[in-house]
2 protein chains.
Amino acid sequence: MAKNIQSLERAAAMLRLLAGGERRLGLSDIASALGLAKATAHGILRTLQHEGFVEQDPDSGRYQLGAELLRLGTTYLDVHELRARALVWTDDLARSGGEAVYLGVLHLQGVLVVHHVFRPDDSRQVLEVGAMQPLHSTALGKVLSAFDPVAHAELVDAKREPFTARTVTDLDAIERDLDLIRAQGYATDAEETWEGVAALAAPIFDRHRMSVGAVGITGAVERVCRDGEPRPELIAALRDTARSVSRDLGAKPF
Amino acid sequence: MAKNIQSLERAAAMLRLLAGGERRLGLSDIASALGLAKATAHGILRTLQHEGFVEQDPDSGRYQLGAELLRLGTTYLDVHELRARALVWTDDLARSGGEAVYLGVLHLQGVLVVHHVFRPDDSRQVLEVGAMQPLHSTALGKVLSAFDPVAHAELVDAKREPFTARTVTDLDAIERDLDLIRAQGYATDAEETWEGVAALAAPIFDRHRMSVGAVGITGAVERVCRDGEPRPELIAALRDTARSVSRDLGAKPF
DNA sequence: GATAGTGTTTAGCATTGTCGAACGGCGGTA
DNA sequence: TACCGCCGTTCGACAATGCTAAACACTATC
């Protein structure tokens, strides 16, 4: 077990703490939350501020996340290979399906949205790139959990919060669902996360046939489903997209 | 001169290095680029990887930026007060003006785009939130340089690259432009950064009457300008928006 | 199969970051 | 106005911490 650099771990913990708390935090809050001496916390914060990862409100003296994080986070998207390959295909999927398309990868105990194509109409929508989705209740999360062992382990460890009356939190029931997902090659989310919203998702594989992410379609349950089941043409288009992206990543079609 | 934490500075330098280089970088590249021993660079990278700020390609062993940066960067947007206040007004400006709207803040030697409203038509556009714009040639950059002393200092220090035949790089000429901008209260960019693209921008002030950012309109020069001058109705709408956001931030209207 | 490159691990030293206490400023309250 | 409590910041000394250099596996290349 190699040991990691202490000051970096503490700095990372600070950034996560600042990301978690809604508003700005004071130095004393941060120091006590992490169990550090004020001077120690201050040294780390001063460096983070100097590097642009943290900003300090001149009036209150409180700290918040800094602009450099946004710049680097955007650069992460530019470098992301899966996202680059998926850009072409997801646009077509959104247009043909008439619904919003999401691309997600496993991150910590959830799904990180790395790409989001708006539903092709003139309604006002907010971009959800960078947002997290739970593993146990969303189509993206379930399909990752079904095909990625790491994601599965995270799903088991995570606390599975119920969001609607249809959310499945029992582990045995989830495992049965995952078996079904593995068998049929796609996952569904019928109002298990948001009321009135349904979703479909299919896995994306790399050249080693390892699951590296998932594509999903999300929309109003009335449009995505018919007679309680997801519309077959949506499933077909989604799986075609997933296969196309996988092929672009070097996955051999058997 | 307080001293900053060495390992943190080095870690930040690594992240910036990874953000700069197009593709993934190897450990030896990183170590030599920063003048560090391989083991030192490895220890920092291992910690960054463990914290999710850096990812390592299992095949090549090379490093790239990690997903946690995207998550934290998005959170930065959520906390950003200026952006939150501007959200309401920029939508209206884009609709009434018929052009794309940008919100920018000073970051390092450039303008960081923290909000971007698409031009209200059905054309395909890519979101530019998180991207950087130069100070000396864009409307957003010039208006910040005119009203924010820090931005002005950065503009003087920065190397002013010419992008088109109309780009002004001479410092004296820029200073005269800034005087004009301060006098009229808005800045223009007539094909100084991108061929065929013109932009307008106006400053946003906080409760201390300090410039904290800028709003801008960007579009094809044929639509934004008429007879070589920006359309007056666009200028009026833009300045109204800037004033509204400033008022929301607590700036007294004199 | 030798070579040159990679990323990784090890051991010891001294640099480096941590700690506790004291400092100056601000905003309350008596 | 003077007090008090809390804030963020600075100081100085100690030793734990992270750095350096060299050796280690490993893979690709020729």
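A quick note: this is a predicted structure, and the numbers were derived from the prediction, not measured. (Residues numbered from 1 in each chain as written. Chains lettered and ligands numbered in written order. Predicted model: local features only at pLDDT ≥ 70, side-chain atom pairs only at ≥ 80, totals over all residues. Heavy atoms only, no water.)

A. Geometry of the confidence of the model for chain A. Here chain A shows a mean pLDDT of 92. Residues at 70 or above account for 98%. Averaged over each element, pLDDT in chain A is lowest for helix H2 (residues 27–34) of chain A (89) and highest for helix H6 (residues 139–147) of chain A (98). (pLDDT = per-residue confidence, 0-100. Helix = DSSP H or I, 4+ residues; strand = E, 2+ residues; numbered from the N terminus.)

B. The nonpolar core, seen in detail. In terms of nonpolar packing, the biggest core is built from 104 residues, with Leu15 of chain A together with Leu15 of chain B touching the most fellow members. Ignoring any residue separated from it by four or fewer positions in sequence, one finds leucine 15 of chain A in contact with Leu48, Phe53, Val54, Leu65 and Leu69 of chain A together with Phe53 and Leu72 of chain B. (Core = buried A, V, L, I, M, F, W, Y, C linked by side-chain atoms within 4.5 Å. Buried < 20%, exposed > 50% of the residue type's maximum accessible area, 1.4 Å probe, protein only. Contact = heavy atoms within 4.5 Å.)

C. Geometry of the protein's contact with DNA strand D. The immediate surroundings of DNA strand D are formed by 17 residues, with Gln6, Leu27, Ser28 and Tyr63 of chain A together with Thr40 of chain B found nearest. Expressed as a percentage, the sugar and phosphate content of the atoms of DNA strand D within 4 Å of the protein is 74%. Between DNA strand D and serine 28 of chain A, the relevant distance is 2.7 Å, taken from a phosphate oxygen to a side-chain nitrogen or oxygen of the residue. At 2.5 Å from a phosphate oxygen of DNA strand D is found a side-chain nitrogen or oxygen belonging to threonine 40 of chain B. A breakdown of the residues in the surface near DNA strand D according to their chemical character gives five nonpolar, 10 polar and two charged. (Near = heavy atom within 4 Å. Polar contact = N/O pair within 3.5 Å; in protein donor to acceptor, adjacent residues only side chain to side chain. Nonpolar A, V, L, I, M, F, W, Y, C, P; charged D, E, K, R; others polar.)

D. Main features of the protein's contact with DNA strand C. The immediate surroundings of DNA strand C are formed by 18 residues, with Thr40 of chain A together with Gln6, Leu27, Ser28 and Tyr63 of chain B found nearest. Sugar and phosphate atoms form 77% of the subset of DNA strand C atoms that lie within 4 Å of the protein. In this structure, leucine 27 of chain B approaches DNA strand C through a main-chain N or O atom, which is 2.5 Å from a phosphate oxygen. Measuring from a phosphate oxygen of DNA strand C, one finds a side-chain N or O atom of tyrosine 63 of chain B at 2.5 Å.

E. Region of the structure containing the pairing of strand E4 (residues 110–117) of chain A. All names here are of chain A. Within E4, eight of the eight residues are buried, leaving the element largely enclosed by the surrounding structure. Two elements, strand E3 (residues 100–107) and E4, share seven bridges in a ladder whose sense is antiparallel. When the sheet's bridge partners are listed, leucine 103 is paired in E4 with histidine 115. By the bridge criterion, three bridges tie E4 to strand E5 (residues 132–134) in an arrangement that is antiparallel. Considered in E5, the bridge of valine 111 is made with glutamine 133. (Pairing = 2+ DSSP bridges.)

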